[in-house]
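A look at the structure
Residues per chain, in single letters:
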Amino acid sequence: MTKSYDMAERAMANAIRALTMDAVQAANSGHPGMPMGMADVAAVLFDRFLSIDPSDPKWPDRDRFVLSAGHGSMLLYAINHLLGYADMPVEELRRFRQLGARTAGHPEYGHAAGVEVTTGPLGQGIATAVGMALAERMANARFGDELVDHWTYVIAGDGCLMEGISHEAIDMAGHLGLGRLIVLWDDNRITIDGSTELSTSTDQMARFAASGWHTIACDAHDPAEIAAAIDAARQDPRPSLVACRSVIGFGAPNKQGGHDCHGAPLGAEEIAAARGYLEWTHEPFVIEPAVYEKWRGIARRGAEARREWESRRDSHPQRAAFKAAQARGGLDELTAAMADYKAQLLLNRPKVATRKASEMALAVVNATLPDTVGGSADLTGSNLTRTKDMRPVRRGDYGGRYLHYGIREHGMAAAMNGIALHGGFRPYGGTFLAFADYCRPSIRLSALMGVPVTYVMTHDSIGLGEDGPTHQPVEHLASLRAIPNLLVIRPADAVETAEAWEIAMASADRPVLLALSRQNLSTVRKDVTENLTARGAYPLLDPGDRQVTLIATGSEVEIALAAAELLAAQGIRAAVVSAPSFELFAQQPEDYRAATLGAAPRVGVEAAIRQGWDGMMLRTGDGFVGMTGFGASAPAPDLYRHFGITAEAVAATARNLIEE
């Protein structure tokens, strides 16, 4: 440590290293290498640049700090403790990785203050940060520098940059010119297996530059170089990559620089040696008052900046609009607008694909809620996610409401998470349901964090027809329904689609995924006095004293209704239940669920595999008409006949159950 070092920042960095060593050792589990290697960078970043207020962690104009290399979570926990976050006393560091502690193995959004995003799956942090930086520019375009003027900083590792999502993210950020985004790359050239030479030879600086980024390198252990690099990044109008050439595990004299210190405790002997090397004489978890004071000074500076911002906000002519955007307001107005719209649907009874019905409902949503931001992964004309007068967001012009995400499903989903986490916007974005697999890790994190993102997934079955089995989802509904806290809705007509959008816009603590048809569907609803989609499932046809219950979703509700007519002609009383959302139905009172499904034999109807139906809608011995394998390339009507998803097949299955 003989470089041009500010002695106070040296102590600030060493406090991170010491707390990391001690916490990982106490847990006998964790990753000390990255926090120790990037401690100097973090100390300089927070001491000289970052503006946050631990007393108000959700202050809208705070800088965002994203630890994309989430395995190094002790870096963030140590910093938040040193800054004085109320929920991060030293006891939480002592309980690192223990049940019930705020100091989870990887940072979890909502679990501890000061954690902007759940990270751990590598690459997700940097991709989510792109959404945050984009949201900052869009909000700035609406409200100006006085209300929106902050930065997004990311610490990312070699693994983050190897993951494929990183390319989608950096390409998008460079294309949009997100100059308020700075990525600090922990360039330690070590992975779990050993040197990065084992698995990559990419010139990351050249890769970022090719995507339109400003790039600069620095010694990660020289504060003067670190500060100069960050300052240069802030002066450049492009997003910036700062390559911080670091030594993993810096300060552990016998293990630093090697992969052995990446993900294992250093051990008592090496920790003692590190204390000597760093000239850190304190007992475990003990920080001297002068170091605390230096870190708490950052918090005081942020609190003062926040108070000045609040003063500007309270006198700003757009203060009401700004507060409404932050609060996700306008739901009463949306309910009223949707009531009028649904009444018109009952009069007109349109026969349209639910993707078209989604576009129609979105026209109401976007006209009512000014904070919606739409987009598509290069399928705007197919997903129908852009409504009239939605202007695209472009580099240097961020005042629009529509995002052309390009063919980047994974990056789109992560960016939408970032937009939602930033606050002030309701993001939605579209692709084909079959490509949900391309963005599933980001969808999973939406659900894990409880982030209200809306996924518009069209072409939801073999009903898309000629594009064939590569584009026909058969297992996707089951796999998405398996994600906890993800609300999947597959509407049957224009009314259910409108109700689905009401539900999505009102959601505050979970993402919503809409599965929408390509083929036209008749309006099947007869009444709109209640949002029945919010029930998850409801009787669409109930003859009384039913002998069989036909349960269907989406485009197959029409087939179930036709089957009920065939059965009625044969003297068999069949009830039809529309079940747009299994998750919402599971939340209903037990007596409602029992009455809806009835005691008679049941037949499930869905152009997808049966997995996920049993235990929720069906019982052992009940019937199912659907898919048992992949689809094929042909017109949709031919495919439904070929795979036996017809009214005749449903009626035959019902008769067999009744006769058994």
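Below or above, wherever it landed, is the structure these notes cover. (Residues numbered from 1 in each chain as written. Predicted model: local features only at pLDDT ≥ 70, side-chain atom pairs only at ≥ 80, totals over all residues. Heavy atoms only, no water.)

With that settled, consider the environment of V41. Examined against the element boundaries, V41 turns out to sit in helix α3 (residues 39-48). Considering only alpha carbons, one finds V41 and D222, 181 residues apart in sequence, at a separation of 8.5 Å. (Helix = DSSP H or I, 4+ residues; strand = E, 2+ residues; numbered from the N terminus.)

Taken in spatial order, the five strands line up as β1-β2-β3-β7-β6 in an open sheet, and their pairing is parallel. Strand pairing shows two members of the sheet lacking a second neighbour, β1 (64-67) and β6 (214-219), which therefore form its edges. Neighbour to neighbour, the strand axes of the sheet diverge by 20 degrees on average, direction disregarded. In terms of strand pairing, strand β3 (residues 181-187) meets strand β7 (residues 240-245) through six bridges, oriented parallel. Counterpart to I182 in the pairing with β7 is S240. (Pairing = 2+ DSSP bridges. Axes fitted to C-alpha atoms, helices over the stretch in contact; angles between N-to-C directions.)

Further remarks concern the sheet that holds strand β13 (residues 487-489). Taken in spatial order, the six strands of this open sheet run β10-β9-β11-β12-β14-β13, and their pairing is parallel. Bordering the open sheet on either side are β10 (402-404) and β13, each of which pairs with just one other strand. Adjacent strand axes in the sheet meet at a mean angle of 20 degrees, parallel and antiparallel pairs treated alike. Here three bridges tie strand β9 (residues 372-376) to β10, and the two strands are oriented parallel to one another. Along β10, the bridge assignment pairs G374 with Y402.

Viewed as axis vectors pointing N to C, α3 and helix α4 (residues 73-83) meet at an angle of 40 degrees, and their least axial separation amounts to 11 Å. As summarised for this structure, α3 and α4 are arranged oblique, according to the angle between their axes. Seen along the crossing, α3 lies across α4 with a hand that is right-handed. Here A39, A42 and F46 of α3 come into contact with α4, specifically with L75, I79 and L83. Residues of the contact of α3 with α4, tallied by class, amount to six nonpolar, no polar and no charged. (Parallel < 35°, antiparallel > 145°, perpendicular 65-115°, else oblique. Left-handed = near helix turned anticlockwise from the far one by under 90°. Contact = heavy atoms within 4.5 Å. Nonpolar A, V, L, I, M, F, W, Y, C, P; charged D, E, K, R; others polar.)

Closest axis-to-axis distance for the helix α1 (residues 7-27)/helix α11 (residues 268-278) pair is 11 Å, and the angle between their directions is 175 degrees. Comparing their axes, α11 and α1 come out roughly antiparallel. Residues R10, N14, R17, M21, D22 and Q25 of α1 form the contact with α11, whose participating residues are A268, I271, A274, R275 and L278. By residue class, the composition of the contact of α1 with α11 is five nonpolar, two polar and four charged.

Taken as a whole and judged by the stated rule, the model has 14 aromatic pairs. Note on F46 and W295: the rings are 6.1 Å apart at their centroids and 55 degrees apart in plane angle, and the pair reads as tilted. In this pair, F46 is assigned in helix α3 and W295 in helix α12 (residues 289-314), connecting sequence segments 249 residues apart. By relative accessible area, F46 is classed as buried at 2%. Joined through ring pairs, the aromatic side chains of F46, F65 and W295 make up one cluster. The residue whose ring lies beneath R180 is W151, and the NZ or CZ to ring-centre distance is 4.6 Å. Over the face of the ring belonging to Y592 we find R535, whose NZ or CZ atom lies 4.4 Å from the ring centre. (Phe/Tyr/Trp six-rings, centres within 6.5 Å; stacked < 30°, edge-to-face > 60°. Buried < 20%, exposed > 50% of the residue type's maximum accessible area, 1.4 Å probe, protein only. Lys NZ or Arg CZ within 6 Å of the ring centre and 35° of its normal.)

Right, let's talk about helix α18 (residues 440-449) for a bit. All buried positions along α18 are accounted for by S442, I443, L445, S446, A447 and M449. For α18, the elements touching its buried residues are α6 (124-143), α8 (164-176), α17 (409-422), β12 (454-458), α19 (476-481) and β14 (512-515). G450 lies just past α18 and shows a positive phi near 70 degrees.

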